[in-house]
Amino acid sequence: MTDNNRNGLPEFIPLRSFNKECKIDVVVYDTNDKEIRREVMDYGKREDREWLGKLSFYCWEQGWVVETSKQV
């Protein structure tokens, strides 16, 4: 993605403050849309972000879906 394509996109807007805690739900679905895993993680923690990256890559290789949403 070039810098010209980044203008106005929400993921490139500077944060007002550092996110110390950001709890999210992570749900994994297999190729039949069956839920096979559900976790709560803290996106504010580096080790949790790394875990999510590894989990996501593995799931995508299997053709599975990784769904994330803010924990309510």
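Computed from a predicted model, the values in this text were never measured in an experiment.

Reading the values: the criteria
Residues numbered from 1 in each chain as written. Predicted model: local features only at pLDDT ≥ 70, side-chain atom pairs only at ≥ 80, totals over all residues. Heavy atoms only, no water. Helix = DSSP H or I, 4+ residues; strand = E, 2+ residues; numbered from the N terminus. Rg over C-alpha atoms; globule rule 2.2 N^0.38 Å. Contact = heavy atoms within 4.5 Å. Areas by Shrake-Rupley, 256 points an atom, 1.4 Å probe, with all protein chains shown as cover. Lys, Arg positive; Asp, Glu negative; His and termini not counted. Charge placed at Lys NZ, Arg CZ, Asp CG, Glu CD. Phe/Tyr/Trp six-rings, centres within 6.5 Å; stacked < 30°, edge-to-face > 60°. Lys NZ or Arg CZ within 6 Å of the ring centre and 35° of its normal. Buried < 20%, exposed > 50% of the residue type's maximum accessible area, 1.4 Å probe, protein only. Salt bridge = Lys/Arg side-chain N within 4 Å of Asp/Glu carboxyl O. Disulfide = S-S within 2.5 Å. Pairing = 2+ DSSP bridges. Axes fitted to C-alpha atoms, helices over the stretch in contact; angles between N-to-C directions.

(A) Structural view of the overall build of the protein chain. Secondary structure summary: the protein chain contains 2 helices and 3 strands in total. Written out in order from the N terminus, the α and β elements of the protein chain read α-β-β-α-β. Whereas a compact globule of 72 residues would reach a radius of gyration of roughly 11 Å, the protein chain reaches 15 Å, over 25% beyond that. The contacts of the protein chain with a sequence gap of at least 6 include a subset with a gap of at least 24, amounting to 43%. Put simply, the protein chain shows about 6100 Å² of open surface, and 48% of that area lies on carbon and sulfur atoms. Of note, the protein chain has its 12 positive side-chain charges centred 6 Å away from the centre of its 14 negative side-chain charges.

(B) Spotlight on the side chain of aspartate 25. Looking at the secondary structure, you find aspartate 25 in strand β1 (residues 23-29). Beyond its immediate sequence surroundings of up to four residues, aspartate 25 is in contact with Glu39, Val40, Glu67, Thr68, Ser69, Lys70 and Gln71.

(C) Looking closely at the packing of aromatic side chains. All chains considered together, the criterion is met by 1 aromatic pair. Cation over ring: arginine 49 sits above tyrosine 43, and NZ or CZ is 5.8 Å from the ring centre.

(D) Summary view of the side chain of aspartate 42. Relative to the helices and strands, aspartate 42 is located in strand β2 (residues 35-42). Salt bridges are absent for the buried aspartate 42, whose nearest opposite-charge side chain, lysine 23, sits at 4.6 Å. Residues within four places of aspartate 42 in sequence aside, it is in contact with Lys20, Glu21, Cys22, Lys23 and Asp48.

(E) Spatial organisation of the state of the cysteines. Applying the stated criterion to the full structure yields 0 disulfides. Cysteine 22 carries a free sulfur, and the closest cysteine sulfur to it, the one in cysteine 59, is 20 Å from it. Overall, cysteine 22 belongs to the partly exposed group, its relative accessible area being 30%.

(F) Representation of the sheet that holds β2. Taken in spatial order, the 3 strands of this open sheet run β2-β1-β3, and their pairing is antiparallel. Each edge of the open sheet carries a strand with a single partner, namely β2 and β3 (65-70). Each neighbouring strand pair of the sheet contributes to a mean axis angle of 20°, computed without reference to strand direction.

(G) View of the pattern of salt bridges. A full pass over the atoms with the stated rule returns 3 salt bridges. Between glutamate 35 and arginine 38 there is a salt bridge, with its nearest N and O atoms 2.9 Å apart. Measuring nitrogen to oxygen at the nearest pair gives 3.1 Å for the salt bridge that ties arginine 37 to glutamate 39. Residue class for arginine 37 comes out partly exposed when judged on its relative accessible area of 34%. Judged by its relative accessible area of 30%, glutamate 39 is partly exposed.

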